[in-house]
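# Working through the structure, step by step
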Amino acid sequence: MITASTGSTYAGVLGIGSYRPRRVVPNSEILEQIDSSDEWIQTRSGIKERRWASDDETVLMMSVNAAKDALADAGIDPAEIGCVIVSTVTHLYQTPAIATQIAVAVGAPTAAAFDISAACAGFCYGIAMANDLVRGGSAKYVLAIGVERLSDITDRTDRSTAFIFADGAGAAIVGPTDEPGIGPVVWGSDGTQHKVISQKESWQEVHGNHNWPHLTMDGNPVFRWASFEMAKTAQQALDVAGVKAEQLDLFVPHQANMRITDAMRRALKLPEHVKVARDIERQGNTSAASIPLAITAMREAGEARSGDLALIIGFGAGLVYAAQVIRLP
Ligand code: UT7
């Protein structure tokens, strides 16, 4: 007989943190390299400005800052972290994972540590796995990070992507709780659409010409898929958690496009009192980092409070998606 692991009956998000790069990049700077207008960018995406990382704001540095912020918020000893999950598509090394260096830097040097590639759904994927690890007994506490330096892989002369992508990091500590703090995840993928957001060339193809493998996006099909299909996924996440729209305090979708956020808000028939994350206006689309960045922005603005019920949903390249209801620490 093998002894099976047993964990906590329930898990929850105990702390959230983020790191915003210092440099603010207004639309006017983007317009130096693409044929567009401030009005087009704002109307089509909702973005007024974004943050791009400077040289010292590496994936490691931003992650460690966000993680320390989350650890302080949770008030736990970093040595108790049993696993570090990092969602990123911009740690530009095939191996090793950036998670192991982050584990050392935050004070959890022997924690299990690995990266995942789930693009803009990455934070919700990380929370789902962390929830299961804690409840299954594989880790007491899990540090889940979403981090991107998308400015590194964005072609600044490509007008379909140059204005949208940005940089930053967010982190959450997941651990045991007395009440359920994370609802069941509704997640999945649609690999038939793998080409609509993808790296242009493989590493092998770029080898030798010293170009970065830039990201390409056929935005409109993604826009339509996200606006219609993702509202259904978000509704399912509410249903499986047994939470009604009127019981929610916050709606924090991946910050992909303000029009997608509004389309989902309408489809979900969210009542007026539910506060909706609109961090994209100032932060741009930071993929896996966007949800924790948006939550910390709402906290700073006094819109989000401890104990609030939030519906979160991530969706992006793959295509992949994940949604769940969480209670804020
Ligand atoms: O983060 C993970 C997943 N990503 C997303 O969820 C992003 C989803 N997609 C989007 O956010 C939107 O598709 C964009 C903001 C990227 C584009 O908005 P759109 O309303 O889908 O525009 P479109 O691609 O359908 O283009 C509309 C028009 C076209 O001109 P015509 O054919 O109507 O004359 C484009 O050529 O706008 C033109 N256009 C631009 N015009 C000015 C495309 N890019 C630009 C630009 N500036 N940067």
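For clarity, every value in this text was computed on a predicted model and none was experimentally measured.

We now examine the packing of helix α7 (residues 219-241) against helix α8 (residues 258-267). Interaxial distance between α7 and α8 falls to 9 Å at its minimum, and their mutual angle equals 25°. By the angle class used here, α7 and α8 are roughly parallel. The element α7 and its partner α8 pack so that their crossing is right-handed. On α8, the residues touching Phe223, Ala226, Ser227, Met230 and Ala231 of α7 are Arg259, Ile260, Ala263, Met264 and Ala267. Tallied by class, the residues present in the contact of α7 with α8 amount to eight nonpolar, one polar and one charged.

We now examine the environment of Ala172. With respect to the element layout, Ala172 can be found in strand β7 (residues 167-177). In contact with Ala172, other than residues within four places in its own chain, are Val13, Gly15, Ile16, Ala70, Phe123, Ile127, Val142, Leu143 and Ala144.

Turning our attention to the site of the ligand. The local shell around the ligand holds 22 residues, among which Ser36, Asn220, Asn257, Arg259 and Asn285 are the closest. Asn220 is positioned such that a nitrogen or oxygen atom in its side chain is 2.7 Å from an oxygen atom of the ligand. Surface burial for the ligand is 73%, taken as the share of its 950 Å² of free accessible area covered by protein chains. Of all the secondary structure elements, the ones that give two or more residues to the shell around the ligand are α2 (38-45), α7, α8 and β13 (309-316). No other element matches α7, which puts four residues into the shell around the ligand. Each residue belonging to the shell around the ligand can be placed in one class, and the counts come to 11 nonpolar, seven polar and four charged. When residues of the shell around the ligand are assigned to domains, at least three fall in each of domain 1 (10-177) and domain 2 (186-327).

With that settled, consider the domain arrangement of the protein. Here the protein is partitioned into domain 1 (10-177) and domain 2 (186-327). Measuring from the centre of the C-alpha atoms in domain 1 to the corresponding centre in domain 2 gives 14 Å. Facing the 49 residues of domain 1 at the interface are 45 residues of domain 2. On the surface where domain 1 and domain 2 come into contact, there are four salt bridges. Where domain 1 packs against domain 2, one counts 19 residue pairs in polar contact (both at pLDDT 80 or more). Looking at the side of domain 1 that touches domain 2, the elements with two or more residues in it are β1 (10-19), α2, β3 (49-52), α5 (122-136), β6 (141-149) and β7. A class-by-class count of the residues in the side of domain 1 that touches domain 2 yields 23 nonpolar, 14 polar and 12 charged.

Mapped onto this numbering, the UniProt entry annotates "domain: Beta-ketoacyl-[acyl-carrier-protein] synthase III C-terminal" (unreviewed entry) at residues 238-327. The span residues 238-327 shows a helical share of 32% and a strand share of 24%, and its end C-alpha atoms are spaced 13 Å apart.

Glancing now at the packing of aromatic side chains. A full pass over the atoms with the stated rule returns four aromatic pairs. Seen from their ring centres, Trp225 and Phe315 are 6.4 Å apart, and the 75° between their planes marks the pair as edge-to-face. With Trp225 in helix α7 and Phe315 in strand β13, this pair connects stretches of sequence that are 90 residues apart. There is no split in this pair, since Trp225 and Phe315 are both buried. Three or more aromatic residues joined by ring pairs make a cluster, and in this case those are Trp225, Phe315 and Tyr321. Across from the ring centre of Trp52, 4.2 Å away, lies the NZ or CZ of Arg156, which sits over that ring.

Turning next to the sheet that holds strand β11 (residues 250-253). Hydrogen bonds between backbone atoms are what pair the strands of a sheet, whose relative direction is either parallel or antiparallel. In spatial order, the strands read β8-β14-β13-β11-β12; together these five strands make up an open sheet with mixed pairing. Either end of the sheet is taken by a strand with one partner, and the two such strands are β8 (186-189) and β12 (275-276). Against the sheet, α5 contacts β8, β13 and β14 (320-327), and its axis sits at roughly 60° relative to β14. Contacting β8, β13 and β14, α7 runs over the sheet at an angle of about 40° to β14.

Calculation rules
- Residues numbered from 1 in each chain as written.
- Predicted model: local features only at pLDDT ≥ 70, side-chain atom pairs only at ≥ 80, totals over all residues.
- Heavy atoms only, no water.
- Axes fitted to C-alpha atoms, helices over the stretch in contact; angles between N-to-C directions.
- Helix = DSSP H or I, 4+ residues; strand = E, 2+ residues; numbered from the N terminus.
- Parallel < 35°, antiparallel > 145°, perpendicular 65-115°, else oblique.
- Left-handed = near helix turned anticlockwise from the far one by under 90°.
- Contact = heavy atoms within 4.5 Å.
- Nonpolar A, V, L, I, M, F, W, Y, C, P; charged D, E, K, R; others polar.
- Near = heavy atom within 4 Å.
- Polar contact = N/O pair within 3.5 Å; in protein donor to acceptor, adjacent residues only side chain to side chain.
- Areas by Shrake-Rupley, 256 points an atom, 1.4 Å probe, with all protein chains shown as cover.
- Domains from an automatic or database assignment.
- Salt bridge = Lys/Arg side-chain N within 4 Å of Asp/Glu carboxyl O.
- UniProt positions renumbered as here; feature names shortened; annotations may be inferred.
- Phe/Tyr/Trp six-rings, centres within 6.5 Å; stacked < 30°, edge-to-face > 60°.
- Buried < 20%, exposed > 50% of the residue type's maximum accessible area, 1.4 Å probe, protein only.
- Lys NZ or Arg CZ within 6 Å of the ring centre and 35° of its normal.
- Pairing = 2+ DSSP bridges.

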